[in-house]
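Chains, contacts and geometry: an overview
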Amino acid sequence: MPRLPPEPRVTAASLAADADRVVTVPIGPQHPALKEPESFMVDLRGEKIDAVRMRFGYNHRGIEKGCEQRSYTQDLYLVERVCGICSYSHSTAFVQAVEEIAGLELPPRARYIRTLIAELERIHSHLLWLGVAGHEIGFDTLLMYTWRDREQVMILLARLTGNRVNYGMNTLGGVRRDIAAEMMPLILKVVDSLEERTKTYIELALTEQTLIQRLSHVGKLSKEDALRLGTVGPTARASGVDRDARRDDPYAAYAELSFNVVIDDHCDVYGRTIVRLGELMETYSIIRQILKQMPDGPIATKAPRRIPEGEAVSRYEAPRGEDVHYVRGNGSEKPERVKVRAPTLANFSSVSKMLEDGYLADLPIVIAAIDPCFSCTDRMVSLRDGSSTRRTMTWDEVSRMGIQWHKERGLDLSTLRIPGSAGE
Amino acid sequence: MSVFHRIVRWAQRKSPWILHFNTGACNACDIEIIAALTPRFDLERLGVQLKGTPRHCDIMACSGPVTKQVRDRLVRIYQQVPEPKIVVAVGTCATSGGVFTGLYNVMGGIDQAIKVDAYIPGCPASPQAIIDGFAKLIKSLETTGKPPAPETLAAEMPPGAAAEMPPGAAAAEEQK
Amino acid sequence: MSDEVKAGSAEGIPAVAAGNAATEGGIRAAAEGPVRAVAAELQAKFSFPEGALKVQRATRLWVEVDRSSFGQVFDHLVKGMGFSILCTITGLDLGTDLGFIYHLARDGGIMANVKTRVPKGESIKSVTPYFPGADIYESELQDLLGARVEGKPVSPRYPLPEDWPQGDHPLLKDWKPKDAAAAAAPASAPAAAPAEKGAVPNA
């Protein structure tokens, strides 16, 4: 089938040069009557970003309202699908709030199983993030390796729960499936294997100068700003903020487990990388403790169908940061109100701060570094430099432009190799 | 020559390029689409590549139940894809709205906004299901120039599977 | 780009020991010490009526405040008692009133959930002077419940689409979807978009 001529290459320099002229945007047909829904409105000063305004809501489906119209059990399945990466986080944060209203005391084994699934989710999410970050800086080899490693966890989760994502593992009062004794050595095997792989990525992050340079001093967020803007998760911890809901407000079995909260003071994308790698190592340790300590016993306690009047707030340390769920019961089978504050929303205001005075070429990696819970692949970026004309680029175009920009400055990550992978 | 080899040859000749578009999904299907391209599954063996621009793609792979915010953009992108174009709805939400059916900001599936040629269900659609779906699609495009009809899919199912098929398909099968 | 870069330490990733202690049932009372101290201080300062102030557990405190004293209570919690985290603001449809819960927290894990209410149509004050990040939470209250927030920075609406009709707030208990769907369809929808089952949106 016919192929159109290749797109003219849009670079930051060409955009800066074009600033004073009316430019025909080389991307797609223009429909003046239909406004492009821009996610990121960037004001440029040459190649640097003056300010960014963001508009979101693409993912807004109306879930909170939907929760009021469905039973608590149905809501378990709905809330699980708020986000397909931290689905267990949302499911557990929700069910914990409901259990608190109902005054349910979970059997210890249920709490341990929840913790196990939660930490397995953290592994898949952080490995996913490493791959996505790699992709945004032109290091596709990292994407392929980390997502191949991640498959070990996905397969394991499918074996334990029946699905790769959306595990359907929680029920009111506990969990729906037990972890069979013969699964324990398999879980340990995955943890051992991934710990070795993670050490490889840590070595890469600590020694590969191209990578360190690419990620350092990018997306700067001081500790003061992180605190002032309510930043959460690895993004906050990379700015020295010592907060982690697992330690500060323990839930599931965390009060009975021993782990470190990983803090860094780089205050940039490099720091956010280091923190996530450190968290992976902590997670492997947590899972080993769980396997050693998991008590026997029932996996759920009986729960009423009608949840009494009352309210509760649940805080959960999802891979991206603190996830907060508020639930109010009214004595019926359906909740009166469910409020979800996902971690990405808490980091919303810190993103603009991180991008200010940085290079446009770094916009994709800075945003990727907060590990956002929205799909970036089709977001539009609109740019304005000096004149009042706005030009629009797709996310993909900004991403490729950024990779090219850094290549021209000697930072080419496309040829980087993963340590110890020579024989593969 | 085996079916697989015919598909690979066709793919190498045609090399279908996929545009991946998220219409407000939870991201699970989007990740499984990308996972399908990573080494364990390696969708690229079929010559399938993800391309960023609508004007250079052959197949639109859409996830999500179509939020109202995104509907216009979905339609606009669809119009930019050159003919002959194929639209694949990936995942249960994209197929029917899934668990989000009836929510106030959701239209209820890709075919509520544009014409869909193939559906790959699953919540999320697993990489295996995605590959299977694309393999069937590509094979059908090679042999008939069109996406597969439900009756032809029934012909490939093992015996006994007919009991689980949607109504109409089994009757169509009987009439052959 | 030529700035000196600092790699992680040679020993590995820097970390802070969490100092987790296994809690047993008998320690529950001691664990509630801090939150009861917070409650006591609040009660002493503001003399809440009976039942307005509740300790739910060691890390959960709830206080119901009427709108006239909300500002002072909020200020004291944030500025005077270290509640420097605003997790989010929950809005509720309470019939004639809108309810608001400010989910505050501080280091150490205690949450102070401050509840207040105002009649529908009346406004509340923005808390962005304390928490710049609250802007997005207040946008949600406006969009979904029709709350009026005085002093809130101007920002793009969130989370509803641009063309969602003004005055239409889906989280209100008596909200009905039908008119919103028709009104949200764009006037300049391209005629050439072929939809297999029709482009009429589901409710």
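Right above here is the structure, for reference.
Scope of this entry: the structure provided in the associated data block.

Thresholds applied
Residues numbered from 1 in each chain as written. Chains lettered and ligands numbered in written order. Predicted model: local features only at pLDDT ≥ 70, side-chain atom pairs only at ≥ 80, totals over all residues. Helix = DSSP H or I, 4+ residues; strand = E, 2+ residues; numbered from the N terminus. Buried ≥ 20, exposed ≤ 12 C-beta atoms within 10 Å, placed from the backbone. Contact = placed C-beta atoms within 7 Å. Pairing = 2+ DSSP bridges. Right-handed = clockwise from strand over helix to strand, strands pointing away. Nonpolar A, V, L, I, M, F, W, Y, C, P; charged D, E, K, R; others polar. Expected span 1.5 Å × (residues − 1). Axes fitted to C-alpha atoms, helices over the stretch in contact; angles between N-to-C directions. Parallel < 35°, antiparallel > 145°, perpendicular 65-115°, else oblique. Left-handed = near helix turned anticlockwise from the far one by under 90°. Core = buried A, V, L, I, M, F, W, Y, C linked by C-beta atoms within 7 Å.

Next up on the list: the overall build of chain B. Each helix and strand counted, chain B has seven helices and five strands in total. N-terminal to C-terminal, the α/β element order of chain B is α-β-α-β-β-α-β-α-β-α-α-α. The buried share among the 176 residues of chain B stands at 53%.

For chain C, the helix and strand inventory stands at five helices and eight strands. Counting from the amino terminus, helix and strand elements in chain C follow one another as β-α-α-β-β-α-β-β-β-β-α-β-α. Taken across its 203 residues, chain C has 33% of its residues classed as buried. Counting only contacts in chain C whose residues sit at least 6 apart along the sequence, the fraction spanning at least 24 positions is 45%.

So, on to the pairing of strand 3 (residues 59-63) of chain B. Residues and elements named next belong to chain B. Most of strand 3 is tucked away, with five of its five residues classed as buried. Here strand 3 shows two buried faces, one formed by Ile59, Ala61 and Ser63 and the other by Met60 and Cys62. Judged from the five bridges that link them, strand 1 (residues 17-22) and strand 3 form a sheet pairing that is parallel. Bridging from a neighbouring strand, Ile18 pairs with Ile59 of strand 3. Direction of pairing for strand 3 relative to strand 4 (residues 86-90): parallel, over a ladder of five bridges. In the strand pairing of strand 4, Cys62 is matched with Ala89. A crossover links strand 3 with its parallel partner strand 4, the connecting element being helix 3 (residues 68-80), and its sense is right-handed.

Our focus in this paragraph is the pairing of strand 8 (residues 337-341) of chain A. Residue and element names in this part refer to chain A. Within strand 8, five of the five residues are buried, which leaves it mostly tucked inside the rest of the structure. Burial along strand 8 is two-sided: the face carrying Arg337, Lys339 and Arg341 and the face carrying Val338 and Val340 are both buried. Sheet topology places strand 7 (residues 321-329) next to strand 8; five bridges connect them, and they run antiparallel. Looking across to strand 8, one finds that Val327 is bridged to Val338.

The subject of this paragraph is unusual backbone geometry. Here the residue pair Cys123(B) and Pro124(B) is connected by a cis peptide bond, since its omega of 0° sits within 30 degrees of zero. For Pro124(B), the location among the structural elements is in the loop between strand 5 (118-120) and helix 5 (127-144). The omega torsion of the bond from Tyr158(C) to Pro159(C) falls at 5°, within 30 degrees of zero and hence cis. Following the sequence through the fold, Pro159(C) ends up in the loop between strand 8 (148-150) and helix 5 (178-184). A positive phi angle, close to 55°, is found at Asn166(A), a residue other than glycine. If you trace the backbone, Asn166(A) turns up in the loop between helix 6 (140-161) and strand 3 (170-171). The class for Asn166(A) is buried, based on 21 C-beta atoms found within 10 Å.

Listed as interface residues are 45 residues of chain C and, on the opposing side, 51 residues of chain A. Only strand 1 (16-17), strand 4 (85-93), strand 5 (97-105), strand 6 (111-119) and helix 4 (134-145) of chain C provide two or more residues apiece to the side of chain C that touches chain A. Of the residues forming the side of chain C that touches chain A, the biggest block, six residues, is contributed by strand 4 of chain C. Residue composition of the side of chain C that touches chain A, grouped by class: 26 nonpolar, 14 polar and five charged.

Turning our eyes to something else, we now look at helix 4 (residues 87-101) of chain A. The end-to-end C-alpha distance of helix 4 of chain A, which contains 15 residues, comes to 22 Å, matching closely the 21 Å that a straight helix rising 1.5 Å per residue would cover. Most of helix 4 of chain A is tucked away: 14 of the 15 residues are buried.

Let us look at the sheet that holds strand 7 of chain A. All names here are of chain A. With antiparallel pairing, three strands are arranged side by side in an open sheet as 6-7-8. Edge positions in the sheet fall to strand 6 (310-318) and strand 8, since each of these pairs with one other strand and no more. With strand direction ignored, the average angle separating the axes of adjacent strands in the sheet is 10°. Bridge count for strand 6 against strand 7 is nine bridges, and the pairing is antiparallel. For Ala312, the partnering residue across the bridge sits in strand 7 and is Val327. Helix 4 rests against strand 6, strand 7 and strand 8 of the sheet, and its axis sits at about 150° to strand 6.

A word on the environment of Gly47(B). Relative to the helices and strands, Gly47(B) is located in the loop between helix 2 (28-35) and strand 2 (49-50). In this structure, the C-alpha to C-alpha distance between Gly47(B) and Lys146(B), residues 99 residues apart in sequence, is 18 Å.

All names here are of chain A. Relative to each other, helix 5 (residues 108-136) and helix 6 sit at 165°, their axes nearing to 8 Å. Taken together, the axes of helix 5 and helix 6 lie roughly antiparallel to each other. Seen along the crossing, helix 5 lies across helix 6 with a hand that is left-handed. Contact residues: helix 5 offers Leu120, Ile123, His124, Leu127, Leu128, Leu130, Gly131, Gly134 and His135, while helix 6 offers Asp140, Leu142, Leu143, Thr146, Trp147, Asp149, Arg150, Val153, Met154, Leu156 and Leu157.

Below, the discussion takes up helix 4 of chain C. The terminal C-alpha atoms of helix 4 of chain C lie 16 Å apart, and with twelve residues this matches the ideal 16 Å at 1.5 Å per residue to within 8%. Among the twelve residues of helix 4 of chain C, nine are classified as buried, and the element is accordingly described as predominantly covered. Among the residues of helix 4 of chain C, those classed as buried are Ala134(C), Ile136(C), Tyr137(C), Glu138(C), Ser139(C), Glu140(C), Leu141(C), Asp143(C) and Leu144(C). Packed against the buried residues of helix 4 of chain C are helix 13 (343-346) and helix 14 (348-355) of chain A together with strand 4 and strand 8 of chain C.

With that out of the way, let us pick up the nonpolar core. Counting residues in each nonpolar core, the largest one holds 223 residues, and the members touching the most others are Met60(B), Cys62(B), Val88(B), Val90(B), Leu104(C), Ala112(C) and Val114(C). Examining the composition of this core, we find that 14 residues originate from one element, helix 5 of chain A, more than from any other. Residues within four places of Val90(B) in sequence aside, it is in contact with Cys29(B), Ile33(B), Ala61(B), Cys62(B), Ser63(B), Ile120(B), Ala125(B) and Ile130(B).

Glancing now at the sheet that holds strand 2 (residues 53-57) of chain C. Each strand in a sheet pairs with its neighbour through backbone hydrogen bonds, running either in the same direction (parallel) or in the opposite one (antiparallel). Residue and element names in this part refer to chain C. Judged by pairing direction, the sheet is mixed, and its five strands sit side by side in the order 2-3-6-5-4 without closing on themselves. At either end of the open sheet lies a strand with only one pairing partner, and these are strand 2 and strand 4. Between one strand axis and the next, the sheet turns by 20° as a mean value, whatever way the strands run. Two strands pair when backbone bridges link them, and strand 3 (residues 60-64) and strand 6 are joined in this way by five bridges, in the parallel orientation. Residue pairing for strand 6: Val63 is matched across the bridge by Val114. Against the sheet, helix 2 (residues 33-46) engages strand 2, strand 3 and strand 6, with an angle of about 175° to strand 2.

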